[in-house]
Amino acid sequence: MVRPRINTPIEPQTKIKEVLTRPNVQRSLLWLSKQTNINHTLLHQIVNGKRRLQEYQADKIFHTLQRFNIEVTRDEVFI
């Protein structure tokens with residue numbers, strides 16, 4: 001059995017990069033990929049709108065930001 005095709009356009013998750021470039025954060029996508037165990041290439045594709053962000057990946061990213069005391073809400077990080 002095949003899963004149904006998703007026809008909605010992929011939204012780039014640019015808010016992730018905005019949070020990482022804040023003056024009080026100063027982190028990179030490479031740092032985030034190492035902390036979350038998400039491949040750097042995959043994370044780059046998610047931020048630029050080439051791949052969809054899965055729920056478990058969003059959870060990993062959000063929990064990593066919280067673990068390093070970065071004060072954000074889910075709405076501030078994800079579209």
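Just so it is clear, the structure is predicted and the values come from calculations on it, not from any experiment. Going along each chain's sequence as written, the residues are numbered from 1 onward. Only residues with pLDDT of 70 or above have their local features reported here, since the model is predicted, and side-chain atom pairs are shown and tallied only from 80 upward, although totals for entire chains, interfaces and linings are computed over all residues. In computing side-chain properties, one takes all heavy atoms of the structure into account and sets aside hydrogens as well as water.

(A) Local environment of the side chain of Thr64. With respect to the secondary-structure elements, Thr64 resides in helix H4 (residues 55-67). Here Lys60 takes part through its backbone oxygen, which lies 2.8 Å from a polar atom of the side chain of Thr64. Residues contacting Thr64, with those up to four places away along its chain left out, are Trp31, Leu32, Gln35 and Thr36. Helix and strand definitions follow DSSP, with helices as H or I runs of at least four residues and strands as E runs of at least two, each counted in order from the N terminus. Any pair of N or O atoms that falls within 3.5 Å is considered a polar contact. Within protein, one atom must be able to donate a hydrogen and the other to accept it, and sequence-neighbouring residues count only if both atoms are side-chain atoms. When checking whether two residues touch, look at their non-hydrogen atoms; a contact exists if any pair is within 4.5 Å.

(B) Main features of helix H2 (residues 29-36). Relative accessible area decides the class of each residue, using a 1.4 Å probe on protein chains only: under 20% of the type maximum gives buried, over 50% gives exposed, and in between gives partly exposed. For H2, the complete set of buried residues consists of Leu29, Trp31, Leu32, Ser33 and Thr36. Phi turns positive one or two residues past the end of H2, at Asn37, with a value near 60°.

(C) Summary view of the pattern of salt bridges. For salt bridges, the criterion is a side-chain nitrogen of Lys or Arg within 4 Å of an Asp or Glu carboxyl oxygen. Tallying each qualifying case throughout the model produces two salt bridges. With a shortest N-O distance of 3.3 Å, Arg74 and Glu55 are connected by a salt bridge. In this pair, Arg74 is assigned in helix H5 (residues 74-77) and Glu55 in helix H4, connecting sequence segments 19 residues apart. The salt bridge involving Arg74 is made with Asp59; its shortest N-O contact spans 3.2 Å.

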